[in-house]
Amino acid sequence: MDAPTAEELQKEGLRLFQEGLYDEAARRFSEALEHFAEENREIEAGEMLNNIGIIHRKQNHWDEALASIEEAYRIYTRLGDKSRMAQTLGNMASIYASLKRQDEAIEAWRTAAATFEELGDRQKEGDTLIALGLSLFKSGRRQEGLAAYQAGLKMVDKPTASQKLQRTLLALQARLLG
């Protein structure tokens, strides 16, 4: 039997991740990373680093998570891939927030949101503004947080059930107050 390809390892890693088998998923992503790197497929290598970082984040291995995601960010920056740069910034922001590094988290989310706006990706911009809004609110900047959160809610094309309810409540509040 032939050795698995990078794509097969990646697919297997995603399946394992979805099943919650994070250590096994990380191993597959690491193997895929090696293959992608050998083949000079930097975008795919960056995706594997990002995936590994997300797994480490889920396992509360903060230093490893940040190292993997920062390396993915460096790859995307070098390649000029703004969408992936913004996505990895959002992942870094989540880690910063978990580490109680609110200022860094807020700055990363702001930069990511601005990049998604520049790219015209309203869904990702909205999702990012929602995360930014929650972080600002938690850090005591309630008005600013609420404004970012509301702006994000208005942008998402595919709101969750909770977001749909929040949209309805905010619209009702606006009618009652104003």
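Above this text is the structure in question.
Sequence order as written defines residue numbering, which begins from 1 separately in each chain. Local features are withheld for residues below a pLDDT of 70 in this predicted model, meaning they are given only at 70 or higher, and side-chain atom pairs are given and counted only at 80 or more; totals for whole chains, interfaces and linings count all residues. Hydrogens and water are ignored here; the side-chain numbers use all heavy atoms of the structure.

A.B. asks: Sorry if this is basic, but what is going on with the overall build of the protein chain here?
C.D. replies: A tally of regular secondary structure across the protein chain gives 9 helices and 0 strands. Written out in order from the N terminus, the α and β elements of the protein chain read α-α-α-α-α-α-α-α-α. Based on the C-alpha atoms only, the size of the protein chain along its principal axes is roughly 70 × 30 × 30 Å. Within the protein chain, the fraction of its 178 residues that count as buried is 39%. Any two residues whose heavy atoms approach within 4.5 Å at even a single point are treated as in contact. Considering only contacts within the protein chain whose residues lie at least 6 apart along the sequence, 44% involve residues at least 24 apart. For helices the rule is a DSSP run of H or I covering at least 4 residues; for strands it is a run of E covering at least 2, with both sets numbered from the N terminus onward. Note on classification: 1.4 Å probe, protein chains only; a residue is buried when its accessible area is under 20% of the maximum for its type, exposed when over 50%, partly exposed between these limits.

A.B. asks: Looking at this model, I keep getting lost on the pattern of salt bridges. Mind explaining?
C.D. replies: Pairing between side chains of opposite charge can happen when the charged atoms of each approach one another. Here, a salt bridge means any side-chain nitrogen of Lys or Arg that lies within 4 Å of a carboxyl oxygen of Asp or Glu. One pass over the structure, following the stated rule, counts 14 salt bridges. The closest approach of N and O atoms between Glu 12 and Arg 15, which form a salt bridge, is 2.5 Å. Residue Glu 12 and its partner Arg 15 are both found in helix α1 (residues 6-18); the two are separated by 3 residues, about one turn of the helix. Glu 12 sits in the partly exposed class, given a relative accessible area of 26%. A salt bridge links Arg 15 to Glu 19; the nearest nitrogen and oxygen atoms lie 2.6 Å apart. The partly exposed category is assigned to Arg 15, whose relative accessible area is 34%. Judged by relative accessible area, Glu 19 falls into the partly exposed class, the value being 47%. Through salt bridges with shared partners, a single ionic network connects Glu 7, Glu 39, Arg 41 and Glu 44.

A.B. asks: Help me understand the side chain of Thr 88, please; the structure alone is not making it clear to me.
C.D. replies: Checked against the element boundaries, Thr 88 lands in helix α5 (residues 82-98). The class for Thr 88 is buried, based on a relative accessible area of 1%. Look past the residues within four positions of Thr 88 in its chain and what remains in contact with it is Asn 50, Ile 69, Ala 72, Tyr 73 and Tyr 76.

A.B. asks: Quick question: what am I supposed to make of the packing of helix α6 (residues 102-119) against helix α7 (residues 122-138) here?
C.D. replies: If you want to describe how two helices pack, look at the angle between their axes and the distance between the axes. The interhelical angle for the contact between α6 and α7, taken along N-to-C directions, is 160°, at an axis separation of 9 Å. By the angle between their directions, the pair α6 and α7 is classed as roughly antiparallel. The two elements α6 and α7 cross, and the hand of that crossing is left-handed. Taking contact as the criterion, the partners of Gln 102, Ala 105, Ile 106, Trp 109, Arg 110, Ala 112, Ala 113, Phe 116 and Glu 117 in α6 are, on α7, Lys 124, Glu 125, Thr 128, Leu 129, Ala 131, Leu 132, Ser 135 and Leu 136. Among the residues making up the contact of α6 with α7, the classes are represented as 10 nonpolar, 3 polar and 4 charged. A fitted line through C-alpha atoms represents every axis, and for helices the fit uses only the stretch in contact; the resulting angles, taken between N-to-C directions, go from 0 to 180 degrees. Angles are sorted into four bins: roughly parallel if under 35 degrees, roughly antiparallel if over 145, roughly perpendicular if 65 to 115, and oblique for all others. We call a crossing left-handed when the near helix sits turned anticlockwise from the far one by less than a right angle, and right-handed when that turn is clockwise. The classification used treats Ala, Val, Leu, Ile, Met, Phe, Trp, Tyr, Cys and Pro as nonpolar, Asp, Glu, Lys and Arg as charged, and all other residues, Gly among them, as polar.

A.B. asks: Where do I start with the packing of aromatic side chains in this structure?
C.D. replies: The geometry of an aromatic ring pair is captured by two quantities: the separation of the ring centres and the angle between the planes. Here a pair means two rings of Phe, Tyr or Trp (six-membered ring of Trp) with centres within 6.5 Å. Their orientation is stacked below 30 degrees between planes, edge-to-face above 60, and tilted elsewhere. Counted according to the given criterion, the structure contains 1 aromatic pair. For the ring pair Phe 17 and Tyr 22, a centre distance of 5.3 Å and an interplane angle of 55° mean the geometry is tilted. The exposure class of Tyr 22 is partly exposed, given its relative accessible area of 24%. Over the face of the ring belonging to Phe 137 we find Arg 142, whose NZ or CZ atom lies 4.8 Å from the ring centre. Both a distance and an angle decide whether a charge sits over a ring: NZ of Lys or CZ of Arg must be within 6 Å of the ring centre and within 35 degrees of the ring normal.

A.B. asks: Looking at this structure, how should I read the side chain of Gln 123?
C.D. replies: Along the chain, Gln 123 turns up in helix α7. Two N or O atoms form a polar contact when they lie within 3.5 Å of each other; inside protein one atom must be a possible hydrogen donor and the other a possible acceptor, and for residues adjacent in sequence the pair counts only when both atoms belong to side chains. Separated by 2.7 Å, the side chain of Gln 123 and the backbone nitrogen of Asp 157 make a polar contact. In contact with Gln 123, other than residues within four places in its own chain, are Val 156, Asp 157 and Lys 158.

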